[in-house]
2 protein chains.
Amino acid sequence: MTVRPRTTADTHAEPAPLHLADLHASLTDPALGSMNFLNEIAQRFPDAISFAPGRPYEGFFETTLVHEYLDRYERHLREELALDEEAVRRTFYQYGRTKGIVHELIARHLAVDEDIVADPEALVVTVGCQEAMFLVLRALCADPRDVLLAVSPTYVGITGAARLVDMPVLEVRAGPNGIDCDHLEEVVRGARARGLRPRACYLIPDFSNPSGVSIDVPTRHALLNLAERLDLLLLEDNPYGYFTADGEPLPTLKSLDTRGRVVYLGSFAKTGLPGARVGYVLADQRVTAADGTTGLLADELSKLKSMLTVNTSPIAQAVIAGKLLTHDCALREANAREIALYRDNLGRLLAGLAHHFPQDGGSGVTWNVPHGGFFAVVTVPFPADDALLEVSAREYGVLWTPMRHFGTGPGSEYRLRLSFSLVTGERIDEGLRRLAALVRSRTATA
Amino acid sequence: MTVRPRTTADTHAEPAPLHLADLHASLTDPALGSMNFLNEIAQRFPDAISFAPGRPYEGFFETTLVHEYLDRYERHLREELALDEEAVRRTFYQYGRTKGIVHELIARHLAVDEDIVADPEALVVTVGCQEAMFLVLRALCADPRDVLLAVSPTYVGITGAARLVDMPVLEVRAGPNGIDCDHLEEVVRGARARGLRPRACYLIPDFSNPSGVSIDVPTRHALLNLAERLDLLLLEDNPYGYFTADGEPLPTLKSLDTRGRVVYLGSFAKTGLPGARVGYVLADQRVTAADGTTGLLADELSKLKSMLTVNTSPIAQAVIAGKLLTHDCALREANAREIALYRDNLGRLLAGLAHHFPQDGGSGVTWNVPHGGFFAVVTVPFPADDALLEVSAREYGVLWTPMRHFGTGPGSEYRLRLSFSLVTGERIDEGLRRLAALVRSRTATA
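All chains use their own residue numbering, which begins from 1 and follows the written sequence. Written order determines the labels here, with chains lettered from A and ligands numbered from 1. The predicted nature of this model means local features are confined to residues of pLDDT at least 70 and side-chain atom pairs, given and counted, to a pLDDT of 80 or more, with totals for whole chains, interfaces and linings taken over all residues.

S.K.: I'd like a rundown of the overall build of chain A, residues and numbers included.
M.R.: The helix and strand tally for chain A stands at 15 helices and 16 strands. Over its C-alpha atoms, taken along the principal directions, chain A stretches across nearly 70 × 65 × 50 Å. Buried residues are those with 20 or more other C-beta atoms within 10 Å of their own C-beta, exposed residues have 12 or fewer, and partly exposed residues lie in between; C-beta atoms are placed from the backbone. A burial count over chain A gives 54% of its 446 residues as buried. When contacts within chain A are restricted to residue pairs at least 6 apart in sequence, those whose partners lie at least 24 apart make up 75%. Secondary structure elements follow DSSP: runs of H or I of four or more residues count as helices, runs of E of two or more count as strands, with numbering from the N terminus. A pair of residues counts as a contact when their C-beta atoms, built from backbone coordinates, are separated by no more than 7 Å.

S.K.: Now, about the pairing of strand β7 (residues 233-237) of chain B: what can you tell me, with residues and values included?
M.R.: Residue and element names in this part refer to chain B. Buried residues dominate β7, accounting for 5 of its 5 residues. The side-chain alternation of β7 yields two buried faces, one formed by L233, L235 and D237 and the other by L234 and E236. Note that the unit made of strand β6 (residues 197-203), helix α8 (residues 217-230) and β7 has a crossover that is right-handed. The pairing criterion is simple: DSSP has to find at least two bridges between the two strands. Pairing between β7 and strand β8 (residues 262-267): 4 bridges, direction parallel. Each residue of the ladder has a partner; that of L234, found in β8, is V262. We call a crossover right-handed when, viewed with both strands directed away from the observer, the connection leading from the first strand over the helix to the second proceeds clockwise.

S.K.: Tell me about the domain arrangement of chain A, and name the residues and values.
M.R.: All names here are of chain A. With domains assigned, chain A is organised as domain 1 (24-53 + 336-445) and domain 2 (64-331). Using C-alpha coordinates to define each centre, domain 1 is positioned 28 Å away from domain 2. Tallying the contact residues gives 27 residues for domain 1 and 24 residues for domain 2. Contributing elements (two or more residues each) for the side of domain 1 that touches domain 2: α1 (30-44), α13 (336-356) and β13 (375-379). Residue ranges assigned to each domain were obtained from an automatic or database domain assignment.

S.K.: Give a detailed account of the sheet that holds β8(B), specifying residues and quantitative values.
M.R.: Residues and elements named next belong to chain B. As summarised here, the arrangement of the 7 strands in space is β3-β9-β8-β7-β6-β4-β5, forming an open sheet in which the pairing is mixed. If you trace the sheet from one side to the other, it starts and ends with β3 (123-126) and β5 (169-173), each paired once. Between one strand axis and the next, the sheet turns by 20° as a mean value, whatever way the strands run. Both β6 and β7 contribute to a ladder of 4 bridges, which runs parallel. Across the sheet, residue Y202 finds its bridge partner in β7, namely L235. Helix axes use the C-alpha atoms of the stretch in contact, all axes being lines fitted to C-alpha atoms, and the angles between their N-to-C directions lie in the range 0 to 180 degrees.

S.K.: Report on the interface of chain B and chain A, specifying residues and quantitative values.
M.R.: On the chain A side, the residues contacting the 99 residues of chain B number 100 residues. Per element, the largest residue contribution to the side of chain B that touches chain A is 7 residues, and it comes from helix α5 (residues 128-140) of chain B. Each residue gets one of three labels, nonpolar for Ala, Val, Leu, Ile, Met, Phe, Trp, Tyr, Cys and Pro, charged for Asp, Glu, Lys and Arg, and polar for the others, Gly among them. Taken together, the residues of the side of chain B that touches chain A sort by class into 50 nonpolar, 26 polar and 23 charged.

S.K.: Break down helix α3 (residues 85-93) of chain A for me, citing the residues and quoting the values.
M.R.: Taken residue by residue, α3(A) has A:R89, A:T91, A:F92 and A:Y93 as its buried positions. Against α2 (64-80) and α11 (314-326) of chain A together with α2 (64-80) of chain B lie the buried residues of α3(A).

S.K.: Talk me through the packing of α1(A) against helix α6 (residues 156-164) of chain A; I want residue IDs and the actual numbers.
M.R.: All names here are of chain A. With their axes 8 Å apart at the nearest point, α1 and α6 run at an angle of 135° to one another. Classified by the angle their axes make, α1 and α6 are oblique. As for the relative orientation of α1 and α6, their crossing is left-handed in sense. Residue-level contacts link A31, L32, S34 and M35 of α1 to V156, T159, G160 and R163 of α6. By residue class, the composition of the contact of α1 with α6 is 4 nonpolar, 3 polar and 1 charged. We call two directions roughly parallel when the angle between them is under 35 degrees, roughly antiparallel when it is over 145, roughly perpendicular when it lies between 65 and 115, and oblique otherwise. Take the far helix as your reference; a near helix turned counterclockwise from it by less than a right angle gives a left-handed crossing, and one turned clockwise gives a right-handed crossing.

S.K.: Can you explain the environment of B:Q317? Please cite residues and give values.
M.R.: Residue and element names in this part refer to chain B. Along the polypeptide, Q317 turns up in helix α11 (residues 314-326). Exposure remark for Q317: the 30 C-beta atoms within 10 Å place this residue in the buried category. Between the C-alpha atom of Q317 and that of L224, which follows or precedes it by 93 residues, the distance is 32 Å. In this view, Q317 contacts G100, I101, V102, V125, V278 and T312; residues no more than four positions away in its chain are not counted.

S.K.: Go over the relation of the copies chain B and chain A, please, and point to the residues and values.
M.R.: The least-squares superposition of copies is restricted to C-alpha atoms, and to residues with a pLDDT of at least 70 in both copies. Superposing chain B onto chain A takes a rotation of 180° combined with a translation of 0.0 Å along the rotation axis, leaving an RMSD of 0.0 Å. Taken together, the rotation and translation relating the two chain copies correspond to the operation of a two-fold axis. Comparing interface residues between copies, 100% of those in chain B also lie at the interface in chain A; the contact surface is shared.

S.K.: Could you give an account of the packing of α5(B) against helix α10 (residues 297-306) of chain B, with specific residues and numbers?
M.R.: Residues and elements named next belong to chain B. Remark: α5 packs on α10, axes separated minimally by 9 Å, with the N-to-C direction vectors making an angle of 105°. The orientation of α5 with respect to α10, classified from their angle, is roughly perpendicular. Contact residues: L135, V136, R138 and A139 in α5; E300, L301, L304 and K305 in α10. Looking at side-chain class alone, the contact of α5 with α10 contains 5 nonpolar, no polar and 3 charged residues.

S.K.: Explain the environment of B:V127 to me, using residue names and the numbers behind them.
M.R.: By the secondary structure assignment, B:V127 is in the loop between β3 and α5. For B:V127, a count of 31 C-beta atoms within 10 Å gives the class buried. Once residues lying within four places of it in the same chain are set aside, the contact partners of B:V127 are A:V127, A:T309, B:R277, B:T309 and B:T312.

S.K.: Which residues make up the pairing of strand β8 (residues 262-267) of chain A, and what are the values?
M.R.: All names here are of chain A. With 6 of 6 residues buried, β8 is to be regarded as a mostly interior element. Bridge count for β8 against strand β9 (residues 278-282) is 4 bridges, and the pairing is antiparallel. Its bridge partner being in β9, Y264 is matched across the sheet by L282.

S.K.: So what about the sheet that holds strand β13 (residues 375-379) of chain B? Which residues, and what values?
M.R.: All names here are of chain B. Here we have 4 strands laid out as an open sheet, ordered β12-β13-β16-β15, and antiparallel in their pairing. Every interior strand has two partners, whereas the edge strands, β12 (366-367) and β15 (401-402), have only one. For β15 and strand β16 (residues 415-419), the ladder comprises 2 bridges, and the chain directions are antiparallel. Across the sheet, the residue bridging to P402 is L416, located in β16.

S.K.: So what's going on with the nonpolar core? Which residues, and what values?
M.R.: Nonpolar side chains in soluble globular proteins tend to end up buried together. One nonpolar core equals one set of buried Ala, Val, Leu, Ile, Met, Phe, Trp, Tyr and Cys residues connected by C-beta atoms within 7 Å. If you look at the biggest cluster of nonpolar residues, it comprises 278 residues, and the most contacted ones within it are A:V281 and B:V281. Those residues in contact with A:V281 that lie beyond four places of it in its chain are A:V124, A:T126, A:A132, A:L135, A:V136, A:V263, A:Y264, A:L265, A:G266 and A:L301.

S.K.: Give a detailed account of the confidence of the model for chain A, specifying residues and quantitative values.
M.R.: Residues and elements named next belong to chain A. The quantity called pLDDT is the predictor's confidence in a given residue, expressed from 0 to 100. Of all residues in chain A, 96% have pLDDT values of 70 or greater, and the mean over the chain is 93. Ignoring residues within four places in sequence, the model shows residues 1-13, a span with pLDDT below 50, making 19 contacts including any to other chains. Complex prediction metrics read pTM 0.95 and ipTM 0.95.

S.K.: How would you explain α5(B) if you had to name every residue and give the values?
M.R.: End to end, α5(B) covers 19 Å across 13 residues, agreeing with the expected 18 Å (1.5 Å per residue, within 8%). Across the 13 residues that make up α5(B), a large majority, 13, are buried. To estimate the expected span of a helix, subtract one from its residue number and multiply by 1.5 Å.

S.K.: How would you sum up unusual backbone geometry? Please name residues and give values.
M.R.: Backbone torsion omega between A:N209 and A:P210 reads 15°, so that peptide bond is classified as cis. Within the fold, A:P210 resides in the loop between β6 (197-203) and α8 (217-230). Of note, the bond from B:S152 into B:P153 is cis; its omega dihedral lies within 30 degrees of zero at 0°. Inspection of the secondary structure puts B:P153 in the loop between β4 (146-152) and α6 (156-164). The backbone of A:C329 sits at a positive phi, close to 65°, despite the residue not being glycine. Within the secondary structure layout, A:C329 lies in the loop between α11 and α12 (331-334).

S.K.: Go over the environment of B:L170 with me, naming the residues and quoting the values.
M.R.: Residue and element names in this part refer to chain B. Tracing the backbone shows L170 in strand β5. Here L170 falls in the partly exposed class, since 17 other C-beta atoms lie within 10 Å of it. Those residues in contact with L170 that lie beyond four places of it in its chain are V147, L149, V187 and A191.

What follows is the structure, encoded as structure tokens:
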């Protein structure tokens, strides 16, 4: 018989053999550092009013909903899909299909809410949209020549995912319409002239993170034509599209895409339930093998997923499926309260900015006017950097995000992102009062 | 106002621009193909008796347990951690801590069940153990010189994860004790002589997948000493350790590790609930930055995770936490029924093999005798390859796994893996009768 020894040794007692310089380069990259810095400062100042995180409003949630959604999906399995007891239990309990189990419901939701006709087999259900981004970049980055394009300023999650596969990201200017198509063409042709292979362009056409800007409809059409002409994929990420504050929703690129140019990255973090960590990718492009056989890009992504997370938790998928079923797969309608709340928040934010920084008042502060989403961008006449954020948090009790974390475009050091998804009502007013005090202190000393 | 056009175009109408040869090399690698082939054949022959999948037995599960576990964790937050309503809701609903939220409970479980003293801050809760493997390999593979070692035959999940980061895997012989330490040293020194950097050796010391073999205690000590001498990390994966059929459990490498040599990869797929897709990694090694500051390897893994899956679903974590709390974090006790069932299955399998292939009967069939776990390996006097598996499934109605999928060691083409976790009682007997018929047909024609 073997006696199990009780270990009392402290495994930290001896120095470790690892040096950061010997670990993957992404670990010393600013993109990964950004996320950590921003989380850390939020944790250090928990009582500050925060315009920083792009998190959805949580006030409408109750934990009982998780149980209701699980029950609803279980009923769906039993009654609508006619699974027997054993099959129902297995669905919740066991390892499941790599591409996911709620693909039919997601396809229905895309038809209802987005006018996207999706083959359910072309969907891969992922651990949030972040895994979807990683899978697509891992598939597309085959070679040191492969590069990604991204509209700048850019969501830090795509930059980070690119770092994990050592894929360089070339910045494309946003311009006044959300993407500067001429610049996109110039970057692609320039990259090709240098022997690089631009594989795709990542963008958030609706209420972009971090800029809040949307791409207008003529530019969407122009972009699809350009992608075809340049033989380029477009990676369309759409976490905020439902949160329109004024005007009608614009058609997604994917709904306009007749030539298989768009890979659609979907998230339920803002429209479903962030705690489920369920997203998806619609990748209906056909991939041709050396022997001439073809398959769906989704199936290639699924192979990668089997070695990354095996499958997305069926319990987590069941929660999202239950919410979809509860609302007949119409998430736009299901989010009516949230849409109204974010609209009110945006209105209050813009009114507050106008109040504190009248355009003839000489403050030098300007801002953009998004038509929805979670974010607006303010330009100030002094650097809005990490050092100022620290001062803002400690001395003024207000948090925001330096735009420098999202790209290095001209003027970015004078811009800051305000998120209006989590802070509401008088907290917005008070947050802006604090921001105005910070601005006054800086312009007075400047 | 913008009118949203209804899209009727079929996005498959035009050929896609993608060629498999332009996608990441892993997609044409046998390691990723294996998983697909094995899944596909299982789907094509759903009525076959299957000794193929390494899935846990599902007969003790009820979907009501998911609700009970969620409730138990919610009560824990309210009563034991004294969170207010808002904080409880936020825990389930919102994005959460990248390293996870159930780390304290996992640390308690490791103390109770494994005699491992774990700093909760050194734990990263992952989307199954597979994500943990990927994170560790991504961190360690910084350079084309970096290689992984793995005891052969090897779990296909680690090979696949290594492919995703383009990290070569060098095979180390198992030998009679589960790992041939002399060969390990030889491979490490040989690799270094060729300018390579062996970063770690992956192994499953208890009831390995696919071989079922365990590493004896003297070899565990020898291995730890060798790892120290060679300046090598050991990646200890332990999904099956609790399922002892005879004898006492052996101490994990991590519980014997006083010098920070072992990164411990944990899974709740077999002991908790596979559908939660929750695993973890204990990475308490210290990492030194260029400026001399040090941090935990877990924190570096967390940075990578923030760009891969952001965080593991708190709802999925809550399910596992609820099971842990229900059983006072003692999963070995919680799995008493499962342990007994797998023990009975193994006994029945070994008795059946002895019955069908008496050792003086001239069948040429031999097998190993594992002391627990999910797997045994049978050697046959003819190639047990994918073509034979197809025949076995179609003509004999029995599924198993060709060992060739787990490595190319000498003799592997004559071996097959039998899993006894999912098939029970008379189905084992009948499965073996079918396997015996297949063997007779082959030896008759050979």
